[in-house]
Amino acid sequence: MLPLHRTTSSSTFGANAPTINPRARGVMASVMSGDRYDDDDAKGMKKNAVSSVANKATLVVDVSRFPSPPASSSSALVSPPSIPSSAVAAVASPTSTSSSTPPSPAAAGSPADPNSQQGQLPANAKEDKVEQKASPEKDATPSQQQPLSNSDAIQNSNAAASNAATSIDLSIWDDSRSLPLPVEKFTHHYPPLLMSQKDLSQDHRKQIWEARAQAAKRAFSHAWIFSDFLLCVGPISKSGDSWLNMGITILDALDTALVLKNETIFKKAAKWVIDGGLSMNADVNANVFETTIRVIGGLLSAHHLCDGPEKEGLLKQAVRVADKFMPAYETSKSGIPINSINLAKGIATSPGGQFSSTAEATTVQLELKYLSHLTGDPKYWNAAQKVSQILYKGPQGDKTHPNDGLVPIYINPDTGDFVGSEFRLGSRADSYYEYLAKQYLQTNGTEPFFRDEYRFALHKGIKAHLLMRSAPSGLLYIRELMGPIKGEGARKVDKFDHLVCYVAGTMALAATKGKRVPLDPIERAKVLSGVEMEELYMAEELARSCYEMYRQTATGLASEIVFWRPAKDEVSTTKELDKTWARFEGKGNTGFPHALEGLKESKEGELLVDFDIHPLDRHNLLRPEAVESFFYREWGWPVFRSFEQWSKVSSGGYTSLNDVLTVPPPTRDKMESFFLGETLKYFYLLFSEDSILPLDKYVFNTECHPLPKEMRPKVLWMS
């Protein structure tokens, strides 16, 4: 699961425009020579990027399609502190001058007036520079500051103009050390957006994002609660759920520790794994899918990233686990894996029913194929490829084409046939579509069959049957469909799982193959096809919708499920979408559309503008899918702060929440393994430099375990 790059608008904000996620599952901005914008926001953008085009393409955002928050707004639940536009540290050149009139304050969460004077303290601000204090934590840097409340951080603006080139009050931009704050002092709309601060230098912006990446590293250290068997940790009660009895939290977090360079945690976890902690002898039924993506995927990724003595031991454990689960494939009547293995008996079983989840049965290929690549043993590759053979190349032909590439959420492992007529991209179907795209990428484009199947499902199925816009903002989202795709009796439901947010990242990744591309449509058309541009447009629109699922709640955190309010005139909206797609196909000669150009921005603090949340769906499980797909760094920071505020447990760990509409939210006392394996890893990659795990070199499995793109297909029947 993974990451667009950083982008800015040259026309409106210059160096202060939106920042694109350097890890957002797909697109990266290329660097141009000559005049440069600030490194974090524009990553080498020419000031006249559209008219001055170099050989390497550059990401450019037209900010007319990226609406800014209003100049004044407030939280619906708390009164946010005033944020003077001069709250930004004094960063002007020592020789520069400022107006003697202090600028007007801006409300919390809104960017300061881009026309206001920067680098000047308001009359009531303190002249003292915030005391710098080294953190006792291992990953702290000397520039990190003593934790301050929102208002204290703002008042302690850096007034040292003589030292402006190298000094900045980071506590204004990273207040994570002071979280959680008292409820009445916290607002998830703080701090002001970096894109609105014209006087922040390239060096200062880099410092801010480095500090935020360090905050994600601290969160991982805080989240780590060592256990020899837990899938889910109860961080409040210090209890846990053994479930698979396989140390899932440890295994999911192995490669996160390596990526975040936390050697202490990695050594401790790897020792447990290699020294026999992964026993696999309990009398429990272990799910094949969960074991494959979390355990095998985690071990393989850690093996690849590790350069220490643990490397070969991790691979041996991956082989041992895979061999334990091979009966799920070998004893299946069709080749579709049976959903569980009893660890004590070593036999395949289907607890809870005859049918398997489609996503679970079809999300094993990346891990098993890479294992064959490493070991030279074809049995893992062949087991994974057999699943695809049953679906696409059996006697009945391609079983997905009668439904325009969409697949029902259940499959019968005895026959290999789909069951029912319920279609969605959330639970029980999600990673089926993800792995179509990623299998193509994993073998460096040498298996175009998987790309074609993915595109057929996206354009003939998802785009044609499931897309709709919300009211009143016009956000793009994906519906669910109950009933036959074709003919009478189908019912569309505006339900949207948080899980569906992965789609935006997958679309961006498939469209760009993880390489840098321009964001300006004119320049993008020189390196992408119309189909790829269309897919990238959909990706950005869907990612923004997922961001709004956080922005439009009282806590700043998304619920497990939302029900979108569809556009009032659905027929006209469908026609409008058809016209948009036609523009990418060159019909009508009206130019390529900009993503988000039709978005009607809601005010900060307005709640549930575009969707409803049912009482049983208000919980937040610390899920990663939205962060994985965020296009802009600035979208990720308020979400991270909200987790720090509401989910952080003082004694260690982070807890799921029962109600994101209540402040403070009631806790659930449960931390899923994917919070360490995925969510915190995505936050770190979002805030850090894009040279870490570049997307044209890696493909991430559905549990955020990076695997290198160094394979070629072993079986050619599908080419």
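This structure is a prediction, so every number in the text was calculated from the model and none was measured.

A. Seen up close, the overall build of the protein chain. For the protein chain, the helix and strand inventory stands at 20 helices and 20 strands. Relative to its 719 residues, the protein chain shows a buried fraction of 64%. Within the structure as shown, the protein chain displays about 24500 Å² of accessible surface, and the carbon and sulfur contribution to it stands at 50%.

B. Looking closely at the state of the cysteines. Counting across every chain of the model gives one disulfide. Bridging Cys501 to Cys546, the disulfide has an S-S length of 2.1 Å. The sign of the S-S torsion, about -105°, decides the handedness of the disulfide formed by Cys501 and Cys546: left-handed. With a gap of 45 residues between them, Cys501 in the loop between strand E16 (495-497) and helix H14 (502-512) and Cys546 in helix H16 (residues 530-551) connect regions that are remote in the sequence. No difference in accessibility class separates Cys501 from Cys546, as the two residues are buried.

C. Inspection of the packing of aromatic side chains at higher detail. Counted by the stated rule, this structure contains 24 aromatic pairs. Between Tyr547 and Trp635 the ring centres are 5.1 Å apart and the planes differ by 10°, which places this aromatic pair in the stacked class. Of the two residues, Tyr547 sits in helix H16 while Trp635 sits in helix H19 (residues 633-646), which places them 88 residues apart along the sequence. In textbook terms, an aromatic cluster arises when at least three aromatic residues are bridged by ring pairs, as seen for Trp209, Trp637, Phe640, Phe643, Tyr654, Phe675, Phe683 and Phe687. Across the ring face of Trp209, the terminal group of Arg212 is positioned such that the distance to the ring centre comes to 4.7 Å.

D. A look at the sheet that holds strand E11 (residues 422-423). Spatial strand order, E11-E14-E15: three strands in an open sheet with antiparallel pairing. A single partner strand is all that each edge strand has here, and the edge strands are E11 and strand E15 (491-493). With three bridges joining them, strand E14 (residues 480-482) and E15 adopt antiparallel strand pairing. Within E15, the residue paired with Met482 across the bridge is Arg491.

E. Region of the structure containing the pattern of salt bridges. On inspection of all chains with the given rule, the structure shows 36 salt bridges. Residue Asp417 pairs with Lys399 through a salt bridge whose shortest N-O separation is 3.0 Å. Here Lys399 lies in the loop between helix H11 (379-392) and strand E9 (410-411) and Asp417 lies in the loop between E9 and strand E10 (418-419), a separation of 18 residues in the sequence.

F. Focus on the confidence of the model for the protein chain. Across the protein chain, pLDDT averages 79, with 74% of residues at or above 70. Within the model, pLDDT remains below 50 along residues 1-165, and this stretch shows 483 contacts once partners closer than five positions in the same chain are excluded.

G. View of the packing of helix H13 (residues 448-465) against H14. At a minimum axis distance of 12 Å, the contact between H13 and H14 shows a crossing angle of 125°. The orientation of H13 relative to H14 falls into the category oblique. Crossing hand, H13 versus H14: left-handed. For the pair H13 and H14, contact is made by Tyr454, Arg455 and Leu458 and by Thr506, Met507, Ala510 and Ala511, respectively. Looking at side-chain class alone, the contact of H13 with H14 contains five nonpolar, one polar and one charged residues.

H. Up close: the sheet that holds strand E17 (residues 561-564). Spatial ordering of the open sheet is given by E16-E17-E18, a layout of three strands whose pairing is antiparallel. Lying at the two open borders of the sheet, with one neighbouring strand each, are E16 and strand E18 (611-612). Pairing of E17 with E18, which is carried by two bridges, proceeds in the antiparallel orientation. Looking at E18, one finds that Phe563 is bridged to Asp612. Together, E16, E17 and E18 form the strand contacts of H16, whose direction differs from that of E17 by roughly 110°.

I. Seen up close, H16. With 22 residues, H16 should cover 32 Å at 1.5 Å per step; its first-to-last C-alpha distance of 32 Å lies within 8% of that length. Across the 22 residues of H16, 20 count as buried, placing the element largely inside the fold.

J. Representation of the packing of H13 against H16. Where H13 meets H16, the axes come as close as 12 Å, and the angle between the chain directions of the two elements is 60°. With respect to their mutual orientation, H13 and H16 come out oblique. Remark: the crossing between H13 and H16 carries left-handed chirality. In this structure, H13 contributes Arg455, Leu458, His459 and Lys463 to the contact, and H16 contributes Val531, Glu532, Glu534, Glu535 and Met538. Considered class by class, the residues forming the contact of H13 with H16 number three nonpolar, one polar and five charged.

What counts as what
Residues numbered from 1 in each chain as written. Predicted model: local features only at pLDDT ≥ 70, side-chain atom pairs only at ≥ 80, totals over all residues. Heavy atoms only, no water. Helix = DSSP H or I, 4+ residues; strand = E, 2+ residues; numbered from the N terminus. Buried < 20%, exposed > 50% of the residue type's maximum accessible area, 1.4 Å probe, protein only. Areas by Shrake-Rupley, 256 points an atom, 1.4 Å probe, with all protein chains shown as cover. Disulfide = S-S within 2.5 Å. Phe/Tyr/Trp six-rings, centres within 6.5 Å; stacked < 30°, edge-to-face > 60°. Lys NZ or Arg CZ within 6 Å of the ring centre and 35° of its normal. Pairing = 2+ DSSP bridges. Salt bridge = Lys/Arg side-chain N within 4 Å of Asp/Glu carboxyl O. pLDDT = per-residue confidence, 0-100. Contact = heavy atoms within 4.5 Å. Axes fitted to C-alpha atoms, helices over the stretch in contact; angles between N-to-C directions. Parallel < 35°, antiparallel > 145°, perpendicular 65-115°, else oblique. Left-handed = near helix turned anticlockwise from the far one by under 90°. Nonpolar A, V, L, I, M, F, W, Y, C, P; charged D, E, K, R; others polar. Expected span 1.5 Å × (residues − 1).

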